[in-house]
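# Coordinate analysis (summary)
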Amino acid sequence: MAMTAVARETVFALRRQIAKIEGTLPERLQAPAAAPLGAGASPDPVSNLDLTPADLTSSLDLTPSLDLTPSLDLTIVRRGLAAAAPDAFLPIGVGRLDAALSGGLPKAALSEIHGLETRDAGAVAGFALSLISLILKQARGLPILWIGTTEIFREAGFPYAKGLHASFGIEPEQLLFSEAPRLVDALWVAEEAARMTALAAVILEIRGNPQRLDLTATRRLHARAMSAGRPVFLLRQAAGPEPTAAPVRLIVASAPAVPRATVAGPLAGSIGRPAFTITIGKSRTALPGQFTLEWNPDERGFDERAGDERRRERDRAKDPVPVVPLSGGGKDPAPASGAVLAFPAFGSPDAISPTAGDQPPPRERTAYLGPRRAG
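Residues numbered from 1 in each chain as written. Predicted model: local features only at pLDDT ≥ 70, side-chain atom pairs only at ≥ 80, totals over all residues. Heavy atoms only, no water.

### Examining the overall build of the protein
Per the secondary structure count, the protein includes 10 helices and 15 strands. Looking at the protein as a whole, 39% of its 375 residues are labelled buried. For the protein, the proportion of contacts with a sequence separation of at least 24, taken over those separated by at least 6, is 70%. (Helix = DSSP H or I, 4+ residues; strand = E, 2+ residues; numbered from the N terminus. Buried < 20%, exposed > 50% of the residue type's maximum accessible area, 1.4 Å probe, protein only. Contact = heavy atoms within 4.5 Å.)

In structure tokens:
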């Protein structure tokens with residue numbers, strides 16, 4: 001019996017190490033008010049692993065008070081294993097995206113928001129400001145701290161103070177900035193700020209893939225966010241995906257705006273609301289997916305772009321050159337596309353012979369092109 005227990009503990013330890021290496025170890029989210037596991041949760045992963053609740057608790061290296069009995073509060077989030085309380089997440093407001101993320105972005109965790117190229121810096125910042133607007137609806141009176149290096153603020157700039165209130169309902173005094181000369185200083189400020197409960201959220205904006213922003217640094221940020229129960233957003237400009245401790249990674253890019261919708265239909269020549277293309281690059285609770293969202297500055301919320309609008313967007317991206325319609329009322333309609341108008345076809349009587357050269361005959365030359373006379 002003792003040998004069986006030792007072998008079981010060895011197997012559990014190996015499974016835990018493999019899960020850490022593969023990045024599939026469940027995250028424990030510190031929810032403000034957790035709710036018990038509902039009847040809709042599927043126990044399939046537990047039965048497939050052939051583990052008892054006590055064995056699963058020991059294999060995950062969790063505290064003994066956290067068990068898988070329905071009477072206790074569950075805050076472990078993993079696809080198909082358990083569901084956290086609804087207030088443990090920040091709902092984005094789009095049904096399909098929130099359902100894919102199992103309720104939204106985790107509040108007490110580190111979340112990554114990526115921009116693959118430098119030109120996506122505005123879209124990443126705009127999406128982060130939209131999330132701040134949603135957070136401030138729940139945490140009124142608490143400020144937001146935005147941390148970045150001098151390099152990133154020179155490249156991407158600062159948000160426009162007057163536009164904060166008009167587009168996102170954020171007062172300028174609610175958004176605090178901390179500019180650090182070096183990345184190590186920005187990380188220190190972010191770690192110290194992440195543990196403070198006097199802030200509604202902390203934003204750390206980094207450019208590229210610096211060596212100091214490794215798995216250990218993101219684990220420290222994630223642990224501070226979990227202990228304080230506040231979200232920490234890591235904005236990464238022109239960065240590629242790499243292993244981090246963040247449970248969720250969203251890839252944000254700008255999407256073409258559609259014309260404004262009126263009672264009579266789309267207003268031709270107008271520019272509609274700002275749009276974002278959101279791609280789920282990494283999530284412990286969701287499968288990869290892509291969504292096109294529009295930010296409504298009047299309602300302070302997101303709307304998912306309809307199917308016909310997404311189809312028109314793909315058509316514009318496929319053929320961005322506008323098509324000129326044929327003249328309907330004129331006497332000389334425009335010829336079919338593909339005909340050359342500036343030059344006659346080769347071989348026609350009006351075509352210039354290629355042997356004639358580019359210069360006119362000597363008698364047709366102007367005076368200043370003729371030979372100069374001496375004297």
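### Section: helix H9 (residues 215–228)
With 14 residues, H9 extends 20 Å from end C-alpha to end C-alpha; this agrees with the ideal 20 Å at 1.5 Å per step. For H9, the full list of buried residues reads Ala217, Thr218, Leu221, His222, Arg224, Ala225, Met226 and Ala228. Positioned one or two residues after H9, Gly229 has a phi angle of 70°, which is positive. (Expected span 1.5 Å × (residues − 1).)

### Points about the pairing of strand S14 (residues 290–296)
When you tally the buried positions in S14, you get 6 out of 7 residues, the bulk of the element. Looking at chain direction, strand S13 (residues 275–283) and S14 are connected through 5 bridges and run antiparallel. In the strand pairing of S14, Thr277 is matched with Thr292. When S14 meets strand S15 (residues 301–304), the two strands line up antiparallel, connected through 4 bridges. Across the sheet, residue Leu293 finds its bridge partner in S15, namely Glu304. Linking two consecutive strands that pair antiparallel, namely S14 and S15, is a turn of 4 residues; a positive phi of about 60° is found at Arg300 within it. (Pairing = 2+ DSSP bridges.)

### Describing the sheet that holds strand S7 (residues 175–180)
One key point about sheets: their strands pair by backbone hydrogen bonds, in either a parallel or an antiparallel sense. Here 9 strands make up an open sheet; going across it, the order is S7-S6-S8-S9-S5-S10-S13-S14-S15 and the pairing mixed. Each of the sheet's edge strands pairs with one partner strand only, and the pair in question is S7 and S15. Each strand of the sheet is rotated relative to its neighbour by a mean of 25°, with strand direction disregarded. By the bridge criterion, 6 bridges tie strand S5 (residues 110–115) to strand S9 (residues 232–237) in an arrangement that is parallel. Residue Gly115 lies in a different strand from S9, and its bridge partner there is Gln237. (Axes fitted to C-alpha atoms, helices over the stretch in contact; angles between N-to-C directions.)

### Observations regarding the environment of Pro256
Relative to the elements of secondary structure, Pro256 occurs in the loop between strand S10 (248–255) and strand S11 (261–262). A relative accessible area of 38% places Pro256 in the partly exposed class. Each C-alpha atom of the pair Pro256 and Ala275 lies 6.7 Å from the other, and the pair is 19 residues apart in sequence.

### Remarks on helix H5 (residues 121–138)
Given a rise of 1.5 Å per residue, 18 residues ought to cover 26 Å, and the 26 Å separating the end C-alpha atoms of H5 matches this to within 8%. Taken across its 18 residues, H5 has 15 buried, putting it largely inside the fold.

### Here's the deal with the packing of helix H8 (residues 183–194) against H9
Put simply, H8 and H9 touch, their axes get as near as 8 Å, and they point 20° apart. Between H8 and H9, the angle falls in the class roughly parallel. Residues Leu187, Ala190, Glu191, Glu192 and Ala194 of H8 form the contact with H9, whose own contacting residues are Ala217, Arg220, Leu221, Arg224, Ala225 and Ala228. (Parallel < 35°, antiparallel > 145°, perpendicular 65-115°, else oblique.)

### Here we look at the confidence of the model for the protein
Confidence in the prediction for the protein averages 74 pLDDT; 62% of positions are at 70 or higher. When the criterion is pLDDT under 50, residues 27–82 qualifies, and its contacts beyond four places in sequence or with other chains add up to 103 contacts. (pLDDT = per-residue confidence, 0-100.)

### Details of the packing of aromatic side chains
Going through the model one piece at a time under the given rule, you end up with 9 aromatic pairs. Measuring from centroid to centroid gives 4.9 Å for Trp295 and Phe302, while their planes differ by 70°, and the two rings are edge-to-face. Taken as a pair, Trp295 and Phe302 share a single burial class, namely buried. The structure contains a cluster of three or more aromatic residues connected by ring pairs, namely Phe127, Phe168, Phe276, Trp295 and Phe302. (Phe/Tyr/Trp six-rings, centres within 6.5 Å; stacked < 30°, edge-to-face > 60°.)

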